[in-house]
Amino acid sequence: MPARRILSVWFPRFALDIAVRREPALARLPTAIVADRHGRGVLVAGTQAADAVGLAPGLGLTDARAICPDLVTRPADPARQAEVLTALRRWMGRVSPWVAEDGDDGLIADLTGTARLFGSELELAEDMEARLAQLGFGARLGIAGTPGAAVAVARFDRRTAPMAPAGNAIDQEARATRSRAAKSRPRPAAPLPSRQIRIVPPDGLRAALGPLPVAALRLPEEATAILDRLGLRRIEDIAGMPRAALARRAGSDVVRRLDQAFGAEPEPISPAAPPPHFATRLNFPEPIGKEEDILAGIDRLLPPLCAKLQAAGRGVRRIRLTATRTDHATAEIELGLARPTQAPERIHPLLALRLPEIDPGFGIDRLRLHAHVTEPLSAHQHSGHADAGAAGEGTEMAGLLDRLGARLGVDALHRLHPADSHIPERAATVMAAAFSAPAEAWPMRSGARPLRVFAPERITPIAATAPPAAFRWRRRDHQTASAAGPERLAPEWWLDDPAWRSGPRDYWRVETADGARLWLFEVRGSAQSGGWFVHGTFA
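Let us look at the structure shown here.

Conventions we followed
- Residues numbered from 1 in each chain as written.
- Predicted model: local features only at pLDDT ≥ 70, side-chain atom pairs only at ≥ 80, totals over all residues.
- Heavy atoms only, no water.
- Pairing = 2+ DSSP bridges.
- Helix = DSSP H or I, 4+ residues; strand = E, 2+ residues; numbered from the N terminus.
- Axes fitted to C-alpha atoms, helices over the stretch in contact; angles between N-to-C directions.
- Contact = heavy atoms within 4.5 Å.
- Salt bridge = Lys/Arg side-chain N within 4 Å of Asp/Glu carboxyl O.
- Buried < 20%, exposed > 50% of the residue type's maximum accessible area, 1.4 Å probe, protein only.
- Phe/Tyr/Trp six-rings, centres within 6.5 Å; stacked < 30°, edge-to-face > 60°.
- Left-handed = near helix turned anticlockwise from the far one by under 90°.
- Nonpolar A, V, L, I, M, F, W, Y, C, P; charged D, E, K, R; others polar.
- Expected span 1.5 Å × (residues − 1).
- Arc of directions from axis to C-beta.
- Core = buried A, V, L, I, M, F, W, Y, C linked by side-chain atoms within 4.5 Å.
- 1 Å grid on protein atoms, 1.4 Å probe; cavity = no way out; pocket = protein on both sides within 12 Å on 5 of 7 lines; lining within 4 Å.
- Points joined across faces, edges and corners; volume = space filled by probe spheres on them.

1. Describing the sheet that holds strand E2 (residues 31-37)
Taken together, three strands build an open sheet; the order of strands is E3-E2-E4 and the sheet is mixed. Each end of this open sheet is capped by a strand with a single partner; those strands are strand E3 (40-46) and strand E4 (72-75). When the angles between neighbouring strand axes are averaged without regard to direction, this sheet yields 40 degrees. Sheet analysis places E2 next to E3, joined by six bridges and oriented antiparallel. In the sheet register, Asp-36 faces E3, and the bridge partner there is Gly-41. Packing against the sheet, helix H1 (residues 14-22) makes contact with E2 and E3, and its axis sits at approximately 125 degrees to E2.

2. Quick notes on the pattern of salt bridges
This structure, assessed with the given rule, holds 29 salt bridges. Between Glu-334 and Arg-320 there is a salt bridge, and its shortest N-O distance comes to 3.3 Å. Pair noted here: Glu-334 is in strand E11 (residues 330-341) and Arg-320 is in strand E10 (residues 314-325), with a separation of 14 residues, a long-range link. The partner of Asp-506 in a salt bridge is Arg-488, and the shortest N-O contact between them spans 2.7 Å. Taken together, the residues span a long stretch of sequence, with Asp-506 in strand E18 (residues 505-512) and Arg-488 in strand E17 (residues 476-489) at a distance of 18 residues. Look at Asp-506 and you get buried, because its relative accessible area is 10%.

3. Describing the packing of aromatic side chains
Counted under the stated rule, the structure contains six aromatic pairs. Their ring planes at 15 degrees and their centres at 5.2 Å tell us that Phe-521 and Phe-533 sit as a pair that is stacked. Here Phe-521, found in strand E19 (residues 517-523), pairs with Phe-533, found in strand E20 (residues 532-537); they are twelve residues apart in sequence, far enough to count as distant. Among the residues examined, Phe-521 registers a relative accessible area of 1% and is labelled buried.

4. Observations concerning the pairing of E18
A regular strand carries its side chains on alternate faces of the sheet. Across the eight residues that make up E18, a large majority, six, are buried. Note: E17 against E18, seven bridges, orientation antiparallel. Counted as the bridge partner of Ser-482 is Glu-511 from E18. Here E18 runs beside E19; their pairing, made up of seven bridges, is antiparallel. The partner of Arg-505 across the bridge, within E19, is Val-523. From the end of E18 to the start of E19, which pair antiparallel, there are four residues, and Gly-515 there has a positive phi angle of about 100 degrees.

5. Comments concerning the packing of helix H13 (residues 291-312) against helix H14 (residues 344-354)
In contact at an axis separation of 10 Å, H13 and H14 are set at 145 degrees when each is read in the N-to-C sense. Like other packed secondary-structure pairs, H13 and H14 cross with a definite hand, here right-handed. For the pair H13 and H14, contact is made by Leu-295, Ile-298, Asp-299, Leu-302 and Cys-306 and by Pro-344, Ile-347, His-348, Leu-351 and Ala-352, respectively. The residue makeup of the contact of H13 with H14, split by class, is eight nonpolar, one polar and one charged.

6. Observations concerning helix H4 (residues 78-91)
For H4, spanning 14 residues, the distance from its first C-alpha to its last is 20 Å, which sits close to the expected 20 Å at 1.5 Å a residue. Taken together, the buried positions of H4 are Gln-81, Val-84, Leu-85, Leu-88 and Arg-89. Along the axis of H4, the buried residues cluster in a sector spanning 145 degrees; they form a single face. Summarising the geometry of H4, the exposed residues directed more than 90 degrees from the buried face are Ala-79 and Arg-90. Contacts made by the buried residues of H4 are with H1, strand E5 (99-101), strand E6 (106-110) and helix H5 (121-135).

7. A closer look at the sheet that holds E18
With antiparallel pairing, the six strands of this closed barrel are ordered in space as E15-E16-E17-E18-E19-E20. Along the sheet, successive strands turn relative to each other by an average axial angle of 45 degrees, direction set aside. Judged from the five bridges that link them, E19 and E20 form a sheet pairing that is antiparallel. Looking at E20, one finds that Phe-521 is bridged to Phe-533.

8. Some thoughts on the side chain of Gln-81
Inspection of the secondary structure assignment puts Gln-81 in helix H4. Beyond its immediate chain neighbours, meaning those up to four positions away, Gln-81 contacts Phe-14, Ala-15, Ile-18 and Ala-76.

9. Here we look at the nonpolar core
One recurring pattern in soluble globular proteins is that nonpolar side chains are buried together. Of all hydrophobic cores here, the largest spans 32 residues; its most connected members are Leu-209, Leu-227, Ile-235, Ile-238 and Val-254. Those elements that provide at least two residues to this core are helix H6 (147-156), helix H8 (205-209), helix H9 (221-229), helix H10 (235-239), helix H11 (243-250) and helix H12 (252-262). Leaving out residues up to four positions away in the same chain, Ile-235 has contacts with Leu-209, Gly-210, Leu-212, Pro-213, Val-214, Ala-216, Leu-217, Leu-258 and Phe-262. If you look at the next biggest cluster of nonpolar residues, it comprises 28 residues, including Leu-305, Leu-337, Ile-347 and Ile-364.

10. Topic: empty space enclosed by the protein
Counted according to the given criterion, the structure contains one cavity of 30 Å³ or more. What lines the largest cavity is Ala-32, Leu-43, Ala-45, Gly-46, Ala-50, Asp-51, Leu-55, Ala-56 and Pro-57. The element contributing the most residues to the lining of the largest cavity is E3, with three residues. Class assignment for the residues of the lining of the largest cavity results in seven nonpolar, one polar and one charged.

Below, the structure written as structure tokens:
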């Protein structure tokens, strides 16, 4: 078997490269990316203009602005960086099927047996460097026989002369032939990117790693500090030490990382698993166009799709049906569900409601069902008959939302969701119906709440009682037939709400002689009443 070869790609200014891709003008300015470190702004990357004035990663934002008042800053975006790094990991599949992420600013790949497809390791690295530069990313590349050595030379080797093996006679002859062919072609107008490539030959691990600092072994900061206090600052200082004494003084991590770097201990590369993909497809020997034929095709597609979801423990939230016609055009419908499900009997009627939207044209050759949005779904153990009944009510509500969503769209459905506040105006918020809590999740209140709450409307008491025995509201006189209360609600002291600055409110449930059921309150800001208001109506 060929010797193991590992490629490490490090992006020294990864956060800055992402920002410059969005705003190219930042590359010409003193620009820095700022991240929050324990409540303190710290520079994590800067342009060459920022480096020229003495700004380096790790410098505080206040000190950086004192050095360079014209400094342009952008906040770090870890979520965006993770997305871009994942995209680059998939892009690196062109050189190896075994690619993994190395921290939040690097990638690592197993090149064993694949470098020869690009000519040589040097040509592969140069090709990758040029392609990454075209994408707007500056990178340092290291190739070695172990992951630890590849990462070390890519991130910590600062020698000016690039390391690259001379290769065998065949490689040298092939390289010379390509070099003569390249000289015969006209030179490109734009200069090639500067090489930041370090290639360690299989027998050159100790020579390549020896001069590097011990931090290149990916050690914890505590272990690096201990070794520094002992005067052991380079890898060659600890490479020949007895392992037991080294582990006793600096910890077992130092020995393990040292053995991994030199190949004495295996270090596998675990590529990220591909994202789950749930789709089924059905090809027809003859084109179809009738609605019942399409439904029959859906009946064939749904069971295997739901079986895949059940095997993965997931439920579908959005599903797409795509019909490919004989003229190579496509027609599709998409459904959103109120709750994730694996049941074909819940999905089938919803698709049937939307089938009239599909134009079969001269016939449909292929149907495809794709559950492109899924969520984890686990079985629920009911604690008793009451719990099972409540679950049944929730299922019925989800079915209603599914049917309404199939006709109107799930995004058009909203419902009230309980909020963490006892103030009536803040006790609920409007959310998408598919993602809000079920009705039984509402917290218990000390008093009944009206079905409809509106802005307080002042009333004129006719009788000075609490609540008023008679009052005038909306240009009509009302007589109080019965009343219940009061329920005092105090303002939330941590919020400055102008409507509650006058003080607490005493709420009453009042039923008038003509049958109106009102929610009245009296403002109790001082010893005297601040007035009476209607805040809502009961059903």
